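Read off the chains here:
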Amino acid sequence: MKHIEITTNNEKETLELGKKLASYLKKGDIVVLTGELGSGKTKLTEGFLTYFGLENEISSPTFTLVNEYIKNDIKIFHFDVYRLEDSSEFYAIGGEEYFENGICIIEWGEIIQDTLPEEYIHIILKKDDINDNIRLIDVTSYGHKYDYILTDLFGGTK
Ligand SMILES: Nc1ncnc2c1ncn2[C@@H]1O[C@H](COP(=O)(O)OP(=O)(O)OP(=O)(O)O)[C@@H](O)[C@H]1O
Ligand SMILES: [Mg+2]
């Protein structure tokens, strides 16, 4: 487990963060995004998809639960599970089968926490109280699988 805090000063920096993070990920990897409305979860996901050249295709999965993207045989699943009551609904749609079939990025993933494997990256975004363009971003890797990414991405210094 590793934990890092970073600040982004505008939406572009959050997008860049998503883009960089995506460059490390492969099939079976999971990123959970948590944060109040408008905190930048979808913006970070947009960065993520930009890395795969899918920036024009992003749509919010708020009403569909999951959007699927595919690029060079890599599948990316973008979930928004905000509307789920609990994990049982997630199991009902065969949710965990997605985990091994592609890269999963899950907005509000803590709602379905008990369905998640032990190892995943959790990103919590908070709006700054004063400046509308600043986001305080907390990144934790659970397990060890992703520790090197946090070290590599942030050098452990930021
Ligand atoms: N540093 C920043 N990082 C990300 N977004 C920012 C930043 N500063 C301002 N913004 C703005 O905040 C908004 C973030 O919206 P976004 O849709 O990504 O949030 P969200 O967390 O997905 O919200 P929701 O829970 O409603 O889906 C955008 O309008 C974006 O332009
Ligand atoms: Mg969103």
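My aim in this report is to walk through the structure given alongside it, one point at a time.

Things to note about the site of ligand 1
Okay, step 1: Taken together, 16 residues surround ligand 1, and among them T14, G40, K41, T42 and K43 come closest.
Okay, step 2: Listing elements by their share of the shell around ligand 1, those giving two or more residues are α1 (11-22) and α2 (41-51).
Okay, step 3: Considered class by class, the residues forming the shell around ligand 1 number two nonpolar, nine polar and five charged.

Some details on the sheet that holds strand β5 (residues 103-107)
Okay, step 1: Taking strand neighbours across the sheet as the criterion, the seven strands line up as β1-β7-β6-β2-β5-β4-β3 in an open arrangement whose pairing is mixed. The sheet is open, and its two borders are formed by β1 (2-8) and β3 (66-71), each paired with just one other strand. Sheet twist, expressed as the average angle between the axes of neighbouring strands with direction ignored, equals 15°.
Okay, step 2: In the sheet, β1 pairs with strand β7 (residues 135-142) via seven bridges, with the strands oriented antiparallel. Counted as the bridge partner of K2 is S141 from β7.

About the cut-offs
- Per chain, residues are indexed from 1 in the order of the written sequence.
- Lettering for chains starts from A, numbering for ligands starts from 1, and both go in the order in which the items are written.
- Local features in this predicted model are restricted to residues of pLDDT 70 or higher, and side-chain atom pairs are both shown and tallied only at a pLDDT of 80 or more, whereas totals for entire chains, interfaces and linings draw on every residue.
- Proximity of a residue to a molecule or strand is defined by its backbone-placed C-beta atom lying within 6 Å of that partner.
- Here a strand is any run of E in DSSP of at least two residues, a helix any run of H or I of at least four, and the numbering for each starts at the N terminus.
- Amino acids are sorted into nonpolar (Ala, Val, Leu, Ile, Met, Phe, Trp, Tyr, Cys and Pro), charged (Asp, Glu, Lys and Arg) and polar (every other residue, Gly among them).
- Pairing between two strands is assigned when DSSP locates at least 2 bridges connecting them.
- For helices, the axis comes from a line fit to the C-alpha atoms of the stretch in contact; other axes are also lines fit to C-alpha atoms, and the angle between any two N-to-C directions lies between 0 and 180 degrees.

Bear in mind that shape data such as this cannot, by itself, settle questions of function.
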